[in-house]
Amino acid sequence: MAQPVWYHHTRWDQIQGSQAGAAYRPSGHLILLCDRVDALAAPFYAKGRILEQKNTIREVIARGAGEYFDPELAALFHEISRHEHFWRFSEPHVIQDYLHRQLENNRPHLIGIDELKQLSLISFRIVDAKSPYTASYSLGVSRLSYFFAERLGVSALDCDKIEIVGLLHDLGKLRIADELLEKPTGLDDNERRTMNTHALKPT
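Within any chain, residue numbers begin from 1 and follow the written order of that chain's sequence. Predicted model: local features are reported for residues with pLDDT of at least 70 only, side-chain atom pairs are reported and counted for 80 or more only, and whole-chain, interface and lining totals are derived from all residues. Remark: hydrogens and water are excluded; side-chain values derive from all non-hydrogen atoms of the structure.

Looking now at the overall build of the protein. A run of DSSP states H or I qualifies as a helix once it reaches four residues; a run of E qualifies as a strand once it reaches two. Both are numbered from the N-terminal end. Regarding its fold elements, the protein presents 13 helices and zero strands. Counted from the first residue to the last, the protein has its helices and strands arranged as α-α-α-α-α-α-α-α-α-α-α-α-α. Note that the radius of gyration is over C-alpha atoms, with the globule rule given as 2.2 Å times the number of residues to the power 0.38. Relative to its length of 203 residues, the protein is extended, with a C-alpha radius of gyration of 21 Å against a globular reference of 17 Å. The buried share of the protein, taken over its 203 residues, is 29%. Neither His nor the chain ends contribute to the count of charged residues, in which Lys and Arg are positive and Asp and Glu negative. Lys charges are placed at NZ, Arg charges at CZ, Asp charges at CG and Glu charges at CD. The positive charge centre, built from 24 side chains, and the negative charge centre, built from 27, are 2 Å apart in the protein. The rule is simple: take the accessible area with a 1.4 Å probe, protein chains only, and divide by the maximum for that residue type; under 20% is buried, over 50% is exposed, in between is partly exposed.

Pasting the structure below:
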């Protein structure tokens with residue numbers, strides 16, 4: 001999936017005929033289209049006004065077909081997005097419920113400690129992109145925790161686990177608004193309560 005991710009912001013007319021094109025189609029083009037539809041729709045889901053905006057969004061995608069978007073995918077989107085249920089089933093809470101059901105129906109995939117560490121580093125870099133202060137703090141916690149665990153005679157495997165927990169312990173801050181994370185002054189009571197939700201496990 002590396003190439004589709006790498007090229008998922010590359011226009012349709014810029015990828016045609018390139019060496020990357022074969023690997024990029026169709027998944028990269030699909031990600032590009034879905035990404036754009038989601039960006040256009042997201043503000044209106046929150047306001048409960050998505051059905052008022054669906055035709056505008058459909059027109060934006062139709063205008064970009066053959067230039068920005070794969071024309072076949074754009075035509076497919078234009079067909080299925082005519083229906084109200086397409087937009088209802090695209091609401092964030094519906095997608096979240098669907099993902100939870102998929103997780104419940106699938107067998108877990110067990111990974112080793114090295115893979116888990118790589119995954120935690122990817123997550124750490126995502127936090128870094130959102131909040132450099134939080135990321136540098138998490139990295140410091142991770143390294144210091146590993147250092148003390150090692151000096152206390154903790155096993156190598158458990159030291160690795162402690163390092164991973166240090167990297168991920170503030171991952172929940174991805175769901176905290178940037179203006180709150182980066183607020184230069186103190187937090188009021190409501191803001192503090194919001195900030196504290198980063199450690200809560202979703203039900």
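For the protein, the mean per-residue pLDDT works out to 83, and 90% of the residues sit at or above 70. Per residue, pLDDT measures the predictor's confidence, with a range of 0 to 100. For the protein, per-element mean pLDDT is lowest for helix 3 (residues 21–24), which scores 58, and highest for helix 6 (residues 71–80), which scores 94.

All right, on to the packing of aromatic side chains then. The aromatic pairing rule takes the rings of Phe, Tyr and Trp, using the six-membered ring of Trp, and pairs them if the centres are within 6.5 Å, calling planes under 30 degrees apart stacked, those over 60 edge-to-face and the rest tilted. Applying the stated criterion across every chain, the model contains five aromatic pairs. Considering the side-chain rings of Phe86 and Trp87, the 5.0 Å spacing of their centres and the 90 degrees angle between planes classify their relative orientation as edge-to-face. Taken as a pair, Phe86 and Trp87 share a single burial class, namely buried. Both rings, one in Phe147 and one in Phe148, keep their centres 5.5 Å apart while their planes meet at 70 degrees; by these two values the pair is edge-to-face. Taken together, the ring pairs connect Phe77, Phe86 and Trp87 into an aromatic cluster.

For helix 4 (residues 27–47), with 21 residues, the first-to-last C-alpha span of 30 Å sits near the 30 Å given by 1.5 Å per residue. Bending of helix 4 peaks at approximately 40 degrees at the position of Ala41, with proline Pro43 no more than four residues after it. Among the residues making up helix 4, those that are buried are Gly28, His29, Leu32, Leu33, Val37, Leu40, Ala41, Phe44 and Tyr45. Phi turns positive one or two residues past the end of helix 4, at Gly48, with a value near 70 degrees. Expected span of a helix, by definition, is 1.5 Å for each gap between consecutive residues, and there is one gap fewer than residues. Bend, in this description, refers to the angle at a residue between axes fitted to the seven residues ending there and the seven starting there.

Salt bridge, as used here, is a side-chain nitrogen of Lys or Arg placed within 4 Å of a carboxyl oxygen of Asp or Glu. Under the defined criterion, the tally for this structure stands at nine salt bridges. The partner of Glu84 in a salt bridge is Arg88, with the nearest N and O atoms 3.6 Å apart. Pair noted here: Glu84 and Arg88 are both in helix 7 (residues 84–88), with a separation of four residues, about one helical turn.

A few words now on the packing of helix 5 (residues 50–64) against helix 6. Whenever a helix is involved, its axis is fitted only over the stretch in contact; in every case the axis is a line through C-alpha atoms, and angles between N-to-C directions fall within 0 to 180 degrees. Relative to each other, helix 5 and helix 6 sit at 160 degrees, their axes nearing to 9 Å. Considering the angle they form, helix 5 stands roughly antiparallel to helix 6. For the crossing formed where helix 5 meets helix 6, the hand is left-handed. Here helix 5 contributes Ile57, Arg58 and Ile61 to the contact with helix 6, which in turn contributes Ala74, Phe77 and His78. Classification convention: Asp, Glu, Lys, Arg as charged; Ala, Val, Leu, Ile, Met, Phe, Trp, Tyr, Cys, Pro as nonpolar; all other residues, Gly among them, as polar. Of the residues in the contact of helix 5 with helix 6, the class split is four nonpolar, one polar and one charged. Here is the rule for angles: anything less than 35 degrees is roughly parallel, anything more than 145 is roughly antiparallel, 65 through 115 is roughly perpendicular, and the remaining ranges are oblique. For a crossing to be left-handed, the near helix must be turned anticlockwise from the far one by less than a right angle; the clockwise case is right-handed. We call two residues contacting when some pair of their heavy atoms lies within 4.5 Å.

Within the secondary structure, Ser123 sits in helix 9 (residues 113–130). Contact partners of Ser123, with chain neighbours within four places excluded, come to Leu168 and Leu171.

A surface patch of nonpolar side chains, about 540 Å² in accessible area, is lined by Ile111, Leu116, Leu119, Ile122, Ile126, Leu171 and Leu174. Structurally, Ile111 can be placed in the loop between helix 8 (92–105) and helix 9. Note on Ile111: relative accessible area 36%, which makes it partly exposed. The residues that make up patches have over 30% relative accessible area and no salt bridge, and they are joined within 9 Å when like-charged or within 5 Å when they are Val, Leu, Ile, Met, Phe, Trp or Tyr. Calculation of accessible area relied on Shrake-Rupley with a 1.4 Å probe; when residues are assessed, cover is drawn exclusively from the protein chains displayed.

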